Amino acid sequence: MSRLGVIGGTGALDLFEPVESGNSSTRWGAPSAEPVRVDLGAMEAWFLARHGRPHRIPPHRIDYRANIAALKALGVRHVIALNAVGAVSPDLPAGALVLPDQLIDYTWGRVHTFSDDAEAPLEHIEFADPFAGPTRRGLLAAAAAADIELVDGGCYGATQGPRLETAAEVARLAADGCTLVGMTAMPEAALAREAGLDYASLCVVANPGAGLQADPISIDEIHRVLQRAMERVAAVLRRFSPGLLA
Ligand code: HPA
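Below is a short write-up of the structure. Here the structure is a predicted model, which is why all the values come from computation and not from measurement.

Description of the overall build of the chain
Summing up its helical and strand segments, the chain has five helices and eleven strands in all. For 246 residues, the compact-globule formula gives about 18 Å, and the C-alpha radius of gyration of the chain, at 17 Å, lands near that figure. On the principal axes, the C-alpha backbone points of the chain span a range of 50 × 45 × 35 Å. The proportion of buried residues among the 246 residues of the chain is 53%. When contacts within the chain are restricted to residue pairs at least 6 apart in sequence, those whose partners lie at least 24 apart make up 80%.

Section: the site of the ligand
Taken together, the neighbourhood of the ligand is formed by Ala84, Val85, Gly86, Leu164, Glu165, Val181, Gly182, Met183 and Asn207. A distance of 3.4 Å separates a nitrogen atom of the ligand from a polar backbone atom of Ala84. At a separation of 2.7 Å, a nitrogen atom of the ligand approaches a polar side-chain atom of Glu165. At the level of elements, strand S5 (76-87) and strand S10 (180-182) are the ones that each hand at least two residues to the shell around the ligand. A total of three residues in the shell around the ligand trace back to one element, the largest contributor, which is S5.

Comments concerning the pairing of strand S11 (residues 198-208)
A large share of S11 lies buried, amounting to ten of its eleven residues. Pairing analysis gives ten bridges linking S5 to S11, with the strands arranged parallel. Within S11, the residue paired with Val85 across the bridge is Val205.

A closer look at the environment of Gly29
In this fold, Gly29 is placed in the loop between strand S2 (18-21) and strand S3 (36-39). Under the relative-accessibility criterion, Gly29 is labelled partly exposed at 26%. As for Gly29 and Ala66, which are separated by 37 residues in sequence, their C-alpha atoms are 5.7 Å apart.

Criteria and thresholds
Residues numbered from 1 in each chain as written. Predicted model: local features only at pLDDT ≥ 70, side-chain atom pairs only at ≥ 80, totals over all residues. Heavy atoms only, no water. Helix = DSSP H or I, 4+ residues; strand = E, 2+ residues; numbered from the N terminus. Rg over C-alpha atoms; globule rule 2.2 N^0.38 Å. Buried < 20%, exposed > 50% of the residue type's maximum accessible area, 1.4 Å probe, protein only. Contact = heavy atoms within 4.5 Å. Near = heavy atom within 4 Å. Polar contact = N/O pair within 3.5 Å; in protein donor to acceptor, adjacent residues only side chain to side chain. Pairing = 2+ DSSP bridges.

Next up, the structure:
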């Protein structure tokens, strides 16, 4: 049976009731939090809190390798990553759900590959389409079945954080072709590809990017927007089923 991994980001800590806890340590260390099995109806799903439980690990300190390895060790083959993002495109309102199809990596200094020592042979993964697999297509079908709007396509600019961007940085992201900005899809997406896992990012727009609104970005407002959006995220995930992974 296909097992699904759900990596929950900011605002997604308690999306589903845990029914079983995993017990994982990996050769790269412990994951951010113990993965927990959650009841998603049609699929066996394991949920991993990316920033730890409670939410405490900043994006640049997350052990992305341990997280991906822990899910893989549980038999997960498909990963849905939930990512809170700012909108770079003015067409994306706060609360929008977006499935990016591209990314640009602006992060630095993060451990970003399994190909790092003698035990992990050098591999140059193909990564032209970072989110191109059946999980992404399945999310589109699940959202349609749940009658929930999901924007199909976008370019995720992965920034280092944990600070938000300057207005000029967001203008540069737009000039580069990014429509979203977030801090966590990389190196996670590339590590998933290296591990042979099919990975899709489901982004929740929390705010207009820096400089795109008159007022400064409010962190409290980000949390309010994310909390409201999680009901729709959960509804999409509940419709996800192995049959959609064709
Ligand atoms: N920038 C980067 N990451 C984010 C943002 C943002 O504006 N909002 C939520 N995550």
